[in-house]
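Single-letter residue listing:
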Amino acid sequence: MSVLVDDDTNVIVQGMTGGEGRFHSELMIDYGTNVVAGAVPGRGGETVHGVPIYDTVDEAAREEDADASVVFVPPAFATDAIFEGLDAPLDLVVAITEGIPTQDMSRVAKRLTEVDTRLIGPNSPGIITPGGTKMGILPGDVFSDGEVGFISRSGTLTYQIVDNLTRRGIGQTTAMGIGGDPIIGTSFIDALELFENDPDTEVVVMCGEIGGEDEEAAARYIGEHMDTPVAGFIAGRTAPPGKRMGHAGAIVSSGGAGTAESKINALNDAGVPVGDTPEEVADNVEDLL
Amino acid sequence: MKLHEYQAKEVFADAGIPTPESKLASSVDEVLAAAEDVGYPVAIKAQVQVGGRGKAGGIELVENDEEARAAAESILGMDLKGYEVDRVLVEEAVDFVNELYVGVTMDRGEGKPVAMVSTRGGVNIEEVAEEDPDAIVREHVDPSFGMHPYQARKAAFEAGVDQSIATDVASVVKTLYDLWDEKDGSEAEINPLMVTADGEVIAADAVMKIDDDALFRQPEMAEMEEEAAGLDDLDRKASQYDFDYVRLSGNVGVIGNGAGLVMATLDLVDYYGGSPSNFLDIGGDAKAERVKNALDMVFSDPNADAVVFNVFGGITRCDEVARGINEALHEFEEIEKPVVVRLAGTNAEEGMEILDTDLVEVEATIEDAVQRTVDIANEVSDQ
């Protein structure tokens, strides 16, 4: 079992003819993902890795019976690409693009309240159900099939902790990067709810970072609504206020909101063990399984 | 990106928000000339990007040439929380009876812009928010419509702004929102918005931050950033090399790939009793040139005593990363600081075998690599 993506997911790659889109499409196909179409304005009729390209998402979805898309479109055009996916409408849009202006994402957030489409990201490494389907740039080799649901705001940190788990023979049902931007489509709570309802997910790892209050809200949700145990990690304990730590969303406000300490305390209060090191997260997961 | 006060005031004034008369000056003579033009009393305000300038001695109110000269001599060239003051704003001193607060920011939890009004201006608004959250009225805005004028009025009246000036305050709020929207602001703030005895409102301070991710479509703001720069050499270098870089105060240099992993590496440095000197994310591409630039950054930082290079190879395989690191290392005549490398992920073992151990130390886990680097850095700093 898995959440959101599996062998039945038919995927459109938005921006498939670009460097990133082309490169990662091949890796997605090799991994076993049903990449059924590409959508690139003005490139309809071409093929990439044997997959047909359409001019619009709407046409690609109709012709190839697609229900999801992954967005590899540069920041200046990515908002438009996301709207196109939402309005098609697809069931799932995964936005990999980093650097979309925050005000644009505020408009996307408004649109998300009006449609049934789920957006993951932007600035997400993607989502992977080991052994069959990945949408995004996650390295397939790092993941393995198992019982842990994985949610993270970061890419390489996910790979790191997953690697710590893999070395102990612990695999994943599904792993998703929800994105390092301040405004994102799928929150920790949304993702936790999906894993809570997945009978095969026995433990969830939630890997947060400084900035905003999404982790605190998630901690309250875990305390009130979850039976599945959760293990946590929070990056950015040493980040000074007012500085953006790589991710646009990873910033402790100059007033002191969004600190790692506040998030760790909230998670601990909800009974979630928060590891000091990646290895400790793996210890905690092993204890919970 | 944060504009300097003088730049933000220029932008606000152009949009029609009343601001005090002022002039920028970078020498004592210029200060005196500016004060003459503006007319005493004037405030002399350091133009640096740090909070609490007043308390740190960066703002002085002066009545005459003699006082202006003394203030200019003390402020120009002073070190304000690590930044050298090279420009001051010479500004008409406003005789006020009341100080308000107005601001616009993105409420990331709600995913919506929010405008804020408070009658408790002139003090640290974050402290007000903590002690008495109801003293700040918040009005969320639907980003697809923008702010309706009634929303600005509603916020002003609800905050308890005096009826005689409420519509003027509302007009400032609406203008500030529109500016924030048009310029891709992340934050716009007037604190204090002064009210004079004649019932005029005037922006005595101005804060404008622009979303870094939107600078590609805000050429005018990008130009102001260049002018504002005030970056020290390392920040400038990081921007040339296109790295996400944050300078910190410790002695352990950190290089890694991916924001989350680099943050976690900094945290581990702290966990093992060290203190990081920087955050540096080289991103997904670990080719030789980028590696060399990253090492150059950390080698140029006088605070760094040792460097931990922590890469998780996913799509970029570790053997490729290792070749990149070797190639980069060979381009330096001398490895100026001890470097500890740890590679993990795809082809990690091959990668670690390839690394030139004459030039770097290699550790197998993130925990061991950080611990080792902290030990080396502490030895160096003890010498």
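Residues numbered from 1 in each chain as written. Chains lettered and ligands numbered in written order. Predicted model: local features only at pLDDT ≥ 70, side-chain atom pairs only at ≥ 80, totals over all residues.

**Q** Explain the overall build of chain B to me, using residue names and the numbers behind them.
**A** Within chain B, the regular secondary structure consists of 13 helices and 18 strands. The proportion of buried residues among the 383 residues of chain B is 46%. Considering only contacts in chain B between residues 6 or more positions apart, those separated by 24 or more positions represent 68%. (Helix = DSSP H or I, 4+ residues; strand = E, 2+ residues; numbered from the N terminus. Buried ≥ 20, exposed ≤ 12 C-beta atoms within 10 Å, placed from the backbone. Contact = placed C-beta atoms within 7 Å.)

**Q** Outline unusual backbone geometry, supporting the account with residue identities and numerical values.
**A** A cis amide bond links Ala88(A) with the next residue in sequence, Pro89(A), at an omega value of -10°. Topologically, Pro89(A) is positioned in the loop between helix 3 (75-87) and strand 6 (92-95). Backbone torsion omega between Tyr40(B) and Pro41(B) reads -5°, so that peptide bond is classified as cis. Phi angles above zero are rare outside glycine, and His49(A) is one such case at about 50°. Residue placement: His49(A) occurs in the loop between strand 3 (47-48) and strand 4 (51-54). Backbone geometry places Asp184(B), a non-glycine residue, at a positive phi of 60°. With respect to the helices and strands, the residue Asp184(B) is situated in the loop between helix 6 (163-182) and strand 10 (185-196).

**Q** Give me the lowdown on the domain arrangement of chain A, citing residues and values where you can.
**A** Interface extent is often summarised as the accessible area lost during association of the parts. Residue and element names in this part refer to chain A. In terms of domain boundaries, chain A breaks down into domain 1 (10-120) and domain 2 (139-288). The centre of domain 1, based on its C-alpha atoms, is set 26 Å off from the matching centre of domain 2. The partner domain 2 presents 9 residues to the 10 residues of domain 1 that form the contact. Here the side of domain 1 that touches domain 2 gets 5 residues from one element, more than from any other, and that element is helix 4 (residues 102-112). Counted by class, the side of domain 1 that touches domain 2 contains 7 nonpolar, 2 polar and 1 charged residues. (Domains from an automatic or database assignment. Nonpolar A, V, L, I, M, F, W, Y, C, P; charged D, E, K, R; others polar.)

**Q** Outline the nonpolar core, listing residues and values.
**A** In terms of nonpolar packing, the biggest core is built from 148 residues, with Ile12(A), Val71(A), Val94(A), Ile151(A), Val205(A) and Leu280(B) touching the most fellow members. The dominant element in this core, judged by the number of residues it contributes, is helix 9 (residues 259-271) of chain B, at 8 residues. By size, the runner-up hydrophobic cluster in this structure holds 43 residues, among which are Val94(B), Ile125(B), Val141(B) and Leu193(B). (Core = buried A, V, L, I, M, F, W, Y, C linked by C-beta atoms within 7 Å.)

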